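Here are the chains, one letter per residue:
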Amino acid sequence: MSYVDGFVLPVPTRNLAAYRRLARKAGKVWRDHGALEYIECVADDVKPGKHTSFPQSVKLKRGETVVFAWIRYKSRKDRDRVNARVMKDPRLADMMDPRALPFDGKRMFWGGFRAMVDV
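Treat the numbers as computed from the prediction; the structure is a model and nothing was measured.

Calculation criteria
- Residues numbered from 1 in each chain as written.
- Predicted model: local features only at pLDDT ≥ 70, side-chain atom pairs only at ≥ 80, totals over all residues.
- Heavy atoms only, no water.
- Helix = DSSP H or I, 4+ residues; strand = E, 2+ residues; numbered from the N terminus.
- Rg over C-alpha atoms; globule rule 2.2 N^0.38 Å.
- Buried < 20%, exposed > 50% of the residue type's maximum accessible area, 1.4 Å probe, protein only.
- Areas by Shrake-Rupley, 256 points an atom, 1.4 Å probe, with all protein chains shown as cover.
- Lys, Arg positive; Asp, Glu negative; His and termini not counted.
- Charge placed at Lys NZ, Arg CZ, Asp CG, Glu CD.
- Pairing = 2+ DSSP bridges.
- Axes fitted to C-alpha atoms, helices over the stretch in contact; angles between N-to-C directions.
- Contact = heavy atoms within 4.5 Å.
- Core = buried A, V, L, I, M, F, W, Y, C linked by side-chain atoms within 4.5 Å.
- Salt bridge = Lys/Arg side-chain N within 4 Å of Asp/Glu carboxyl O.

A. A look at the overall build of the protein. In terms of helices and strands, the protein carries three helices and four strands. Here the protein has a C-alpha radius of gyration of 15 Å; the compact-globule value for 119 residues is 14 Å, and the two agree. A principal-axis box enclosing the C-alpha atoms of the protein has dimensions of 40 × 35 × 20 Å. The proportion of buried residues among the 119 residues of the protein is 37%. In the structure as shown, the protein presents an accessible area of about 8100 Å², 56% of it carried by carbon and sulfur atoms. Seen as two clouds, the 25 positive and the 14 negative side-chain charges of the protein have centres 2 Å apart.

Next up, the structure:
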């Protein structure tokens, strides 16, 4: 079974074009180092819930939208290997400064997941 890193983050709508450029670049780097899949999605049908929701999870503010993303790998071991290489890749150096990012990284969350069903 494969392994997935998942991400949810708020992006100001005025920064979506910049975020898309960053995501395309990151996706290429991850794929070049062995990730099987790199997907970034922008909210389309995402509403605040009564108790919890995507907007509530990132404390969404006016003028922002939610981005949901994932990276798929062969295994957790492969993910650890790929991510170690990605973090050293000079093509991502400009993304390592949180002040240069087109979103608020403090409200981003992520985690690694073992696939339970993969059909």
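B. The arrangement of the sheet that holds strand S3 (residues 64-73) in detail. With respect to topology, four strands assemble into an open sheet ordered S2-S3-S1-S4, the strand pairing being antiparallel. Looking at the sheet topology across the chains shown, the edges are occupied by strand S2 (37-42) and strand S4 (109-114). The sheet shows a mean angle of 15 degrees between the axes of neighbouring strands, direction not considered. Its contacts with the sheet put helix H1 (residues 16-32) on strand S1 (3-12), S2 and S3, and the angle it makes with S2 is roughly 165 degrees.

C. Broad picture of the nonpolar core. With 20 residues, the main nonpolar core has Leu-9, Tyr-19, Trp-30, Ile-71 and Leu-92 as its most contacted residues. For this core, the elements supplying multiple residues, two or more each, are S1, H1, S3 and helix H3 (76-88). At six residues, the largest contribution of residues to this core is made by H1. Apart from residues no more than four positions distant in its own chain, Ile-71 is found in contact with Tyr-3, Val-4, Asp-5, Phe-7, Trp-30, Ala-35, Glu-37 and Tyr-38.

D. Quick peek at the environment of Phe-7. Summarising the element assignment, Phe-7 is placed in strand S1. Its relative accessible area of 17% is what places Phe-7 among the buried residues. C-alpha of Phe-7 to C-alpha of Arg-62: the two residues are 55 residues apart in sequence and 21 Å apart in space. With residues near it in sequence (within four places) discarded, Phe-7 still touches Val-67, Phe-68, Ala-69, Trp-70, Ile-71, Met-108, Phe-109 and Trp-110.

E. Quick peek at the pattern of salt bridges. Applying the stated criterion across every chain, the model contains 13 salt bridges. Here Glu-37 and Arg-72 are joined by a salt bridge, their closest N and O atoms 3.2 Å apart. Placement of Glu-37 in strand S2 and of Arg-72 in strand S3 is noted, with a sequence separation of 35 residues between them. The partly exposed category is assigned to Glu-37, whose relative accessible area is 26%. Note that Asp-89 and Arg-91 form a salt bridge whose closest N and O atoms lie 2.8 Å from each other.

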